[in-house]
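# Architecture and fold: a report
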Amino acid sequence: MRRTDVLIVGGGQAGLAMSRCLAAMRIEHVVLERGRVAERWRSERWDSLRLLTPNWMSRLPGFKYDGPDPDGFMSTSEVVAFFERYATSFPAPLETGTSVDSIEAAHGQFRVTTSGGVWLARNVVLATGYADAPLVPWLAARLDAGVLQVVPRDYRSPAALPRGGVVVIGASATGIQLADEIQASGRQVVISTGQHLRAPRRYRGRDIMWWLDRAGILDATVESVFDVDTSRQAPSFQLAGRPDHATIDLERLRRAGVIVTGRLKAVDGHRLQFDDDLVKTTAAADVKLASLLLRLDRAAGDLREPVEAAEPFEPLWPEFVSAPTGLDLQDAGIETVIWATGYTRTYPWLKLPLLDARGELLHQGGVTPCAGVYALGLPFQRTRKSAFIDGVGADARVLAEHIAVRLGHGVLRIPGHDTRHDSRIAV
Ligand SMILES: Cc1cc2nc3c(=O)[nH]c(=O)nc-3n(C[C@H](O)[C@H](O)[C@H](O)COP(=O)(O)OP(=O)(O)OC[C@H]3O[C@@H](n4cnc5c(N)ncnc54)[C@H](O)[C@@H]3O)c2cc1C
């Protein structure tokens, strides 16, 4: 049996950032990854995907994007190369091709059974990703067996789909990007839209992520929001990282010929029924965007850098006053339904009572109620950007300090990090 002070499960950005922080503190650890570094960017993303965060936001502990195009958006192969470089930028004790099959308590430590043998760890960090498994509504089971059902993890490109039209369920970043590229490939797309958030790619001459960063919106903490559960489940902005920096929203899709409907309400074989709620959801998205832009305009007043004048706000809801509420897939020649309905997390290998009734990990800022078990990379773990490349590092630093204290290393400060605000986390 091998022993370690800290065993990290997962070699994505969270596992690597954690490893980098522990290495900086000289804390002995190992990172176990079932596939390769950044495996999900290699095998669970579609071909045309680019980050929706600009390159300058690819910032991790001890590493950041330093290429020639800070305002561009990395393709998935560039993301993989970026993380491969990160993993070799410090002596990361990484064991790839090793899956963790169970974690159980063992006399104050953790017995971790893997495909490569058993470990005894004093601490474990679960960094297996917030986008771990597709979240598909139960309605999917009522679809006719002849309709191909696809989740974004398995979608690659329009050419790989059967011929005919496509229904995309869900209009957050993923749904809207897939609807756009499939319609552009010459197929008829129907997109079913529930609650959503829209944003312009650029505002007042700057990228929207620049504004969210400068206005402190991405740094909002769990304590600062009204209801953290709601914030954790909030849809992602309808954004895409394209070389032309274009805004992508329901109106762009509508103009391209996509049929926009309300929320999927019922499924019966090849018949779909949609709520008559498109005005409600598009108007709600208008209100949220208007209030966000107002906040950015206020922030603009405090900036030292010059920005362009405020732009007039155009509501989109008047474009969506009529929408179909029923669709017969056979009559419409539609053979594929894509469930762009989000992600969930699964922990079948975790043999510790750490999950709530919904199967979510119990934690406060990544510190679980079981001493020595930590999680990293969860949505809104400590801040709104916790699951972003740009946010995971700050959370990793906090957990590394927590682990250092637990291991009796005292408080080892990582340069540049202030833990004064984290005193509520008990060791
Ligand atoms: C479609 C999409 C687009 C995104 N775009 C952006 C963006 O533009 N900018 C941004 O900042 N963020 C983006 N994100 C969010 C975030 O950056 C990614 O989800 C990122 O992959 C999260 O990194 P992670 O390390 O937390 O998890 P993951 O990348 O999921 O890594 C977890 C790792 O754990 C491994 N693993 C899982 N189970 C086990 C096990 N039992 N044993 C061993 N290993 C295991 C997996 O193989 C995987 O490599 C996007 C997310 C998605 C889904």
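Up top is the structure.
Residues numbered from 1 in each chain as written. Predicted model: local features only at pLDDT ≥ 70, side-chain atom pairs only at ≥ 80, totals over all residues. Heavy atoms only, no water.

### Details of the side chain of Arg201
With respect to the helices and strands, Arg201 occurs in the loop between strand S13 (197-198) and strand S14 (202-203). Side-chain polar atoms of Arg201 contact the backbone oxygen of Leu52, separated by 3.0 Å. For Arg201, the side chain forms a polar contact with the main-chain oxygen of Ala240, separated by 3.0 Å. (Helix = DSSP H or I, 4+ residues; strand = E, 2+ residues; numbered from the N terminus. Polar contact = N/O pair within 3.5 Å; in protein donor to acceptor, adjacent residues only side chain to side chain.)

### With respect to the packing of helix H1 (residues 13-24) against helix H9 (residues 389-406)
Between H1 and H9, whose axes approach to 8 Å, the crossing angle comes to 45 degrees. As summarised for this structure, H1 and H9 are arranged oblique, according to the angle between their axes. The two elements H1 and H9 cross, and the hand of that crossing is right-handed. Across the interface between the two elements, Gln13, Ala14, Ala17, Met18, Cys21 and Leu22 of H1 pack against Ile389, Val392, Ala396, Arg397, Leu399, Ala400 and Ile403 of H9. Residue classes in the contact of H1 with H9 are distributed as 11 nonpolar, one polar and one charged. (Axes fitted to C-alpha atoms, helices over the stretch in contact; angles between N-to-C directions. Parallel < 35°, antiparallel > 145°, perpendicular 65-115°, else oblique. Left-handed = near helix turned anticlockwise from the far one by under 90°. Contact = heavy atoms within 4.5 Å. Nonpolar A, V, L, I, M, F, W, Y, C, P; charged D, E, K, R; others polar.)

### Quick look at the packing of aromatic side chains
Summed over the entire model, instances satisfying the criterion amount to seven aromatic pairs. Aromatic ring contacts, followed pair by pair, group Phe63, Phe82, Phe83, Tyr86 and Phe90 into a single cluster. The side chain of Arg20 reaches across the aromatic face of Phe90, ending 6.0 Å from its centre. Against the face of Trp41 rests Arg45, its NZ or CZ located 4.1 Å from the ring centre. (Phe/Tyr/Trp six-rings, centres within 6.5 Å; stacked < 30°, edge-to-face > 60°. Lys NZ or Arg CZ within 6 Å of the ring centre and 35° of its normal.)

### A few points about the sheet that holds strand S17 (residues 259-261)
Pairing is parallel in the open sheet, where five strands are placed in the order S10-S21-S11-S12-S17. At either margin of the open sheet sits one strand with a lone partner, and together these are strand S10 (148-150) and S17. In this sheet, adjacent strand axes meet at a mean angle of 20 degrees when their direction is disregarded. Bridging between strand S11 (residues 165-169) and strand S12 (residues 189-192) involves four bridges; their strand directions are parallel. In the sheet register, Val166 faces S12, and the bridge partner there is Val189. (Pairing = 2+ DSSP bridges.)

### Side note on the site of the ligand
What surrounds the ligand is a group of 30 residues, the closest being Glu33, Arg40, Leu52, Thr53 and Ile389. Separating an oxygen atom of the ligand from a side-chain N or O atom of Arg40 is a distance of 2.7 Å. Contacts to the ligand include Leu52, whose backbone N or O atom sits 2.7 Å from an oxygen atom. When the ligand is considered free in solution it has 970 Å² of accessible area, and contact with the protein chains removes 96% of it. Among the elements that take part in the shell around the ligand, helix H2 (residues 39-43) stands out by supplying three residues, more than any other. Considering only residue class, the shell around the ligand consists of 16 nonpolar, nine polar and five charged. (Near = heavy atom within 4 Å. Areas by Shrake-Rupley, 256 points an atom, 1.4 Å probe, with all protein chains shown as cover.)

### Overview of the layout of surface pockets
Approximately 320 Å³ is the volume attributed to the second largest pocket. If you trace the second largest pocket, you find 17 residues lining it, with Arg198, Pro200, Thr247, Asp249 and Glu314 closest to the centre. Looking at the lining of the second largest pocket, the elements with two or more residues in it are helix H7 (250-256) and helix H8 (278-302). Here the lining of the second largest pocket is composed, by residue class, of nine nonpolar, one polar and seven charged. (1 Å grid on protein atoms, 1.4 Å probe; cavity = no way out; pocket = protein on both sides within 12 Å on 5 of 7 lines; lining within 4 Å. Points joined across faces, edges and corners; volume = space filled by probe spheres on them.)

### Considerations on the nonpolar core
Generally speaking, soluble globular proteins have nonpolar side chains that are buried together. In terms of nonpolar packing, the biggest core is built from 65 residues, with Met18, Phe83, Ile191 and Ile338 touching the most fellow members. For this core, the secondary structure elements donating two or more residues are strand S1 (2-9), H1, helix H3 (76-88), S11, helix H4 (173-184), S12, H7 and H9. With seven residues, the single largest contributor to this core is H9. (Core = buried A, V, L, I, M, F, W, Y, C linked by side-chain atoms within 4.5 Å. Buried < 20%, exposed > 50% of the residue type's maximum accessible area, 1.4 Å probe, protein only.)

### Some details on the pattern of salt bridges
One pass over the structure, following the stated rule, counts 27 salt bridges. Residue Glu84 pairs with Arg42 through a salt bridge whose shortest N-O separation is 2.8 Å. Of this pair, Glu84 sits in helix H3 while Arg42 sits in helix H2, placing them 42 residues apart in sequence. On the basis of relative accessible area, Glu84 is assigned to the partly exposed category, the value being 38%. With a relative accessible area of 27%, Arg42 lands in the partly exposed category. Among the ionic pairs, Lys385 bridges to Asp390, the shortest N-O distance being 3.7 Å. Both residues of the pair, Lys385 and Asp390, count as buried. Connected through salt bridges with shared partners, the residues Arg59, Asp213, Asp219, Lys385 and Asp390 form a single ionic network. (Salt bridge = Lys/Arg side-chain N within 4 Å of Asp/Glu carboxyl O.)

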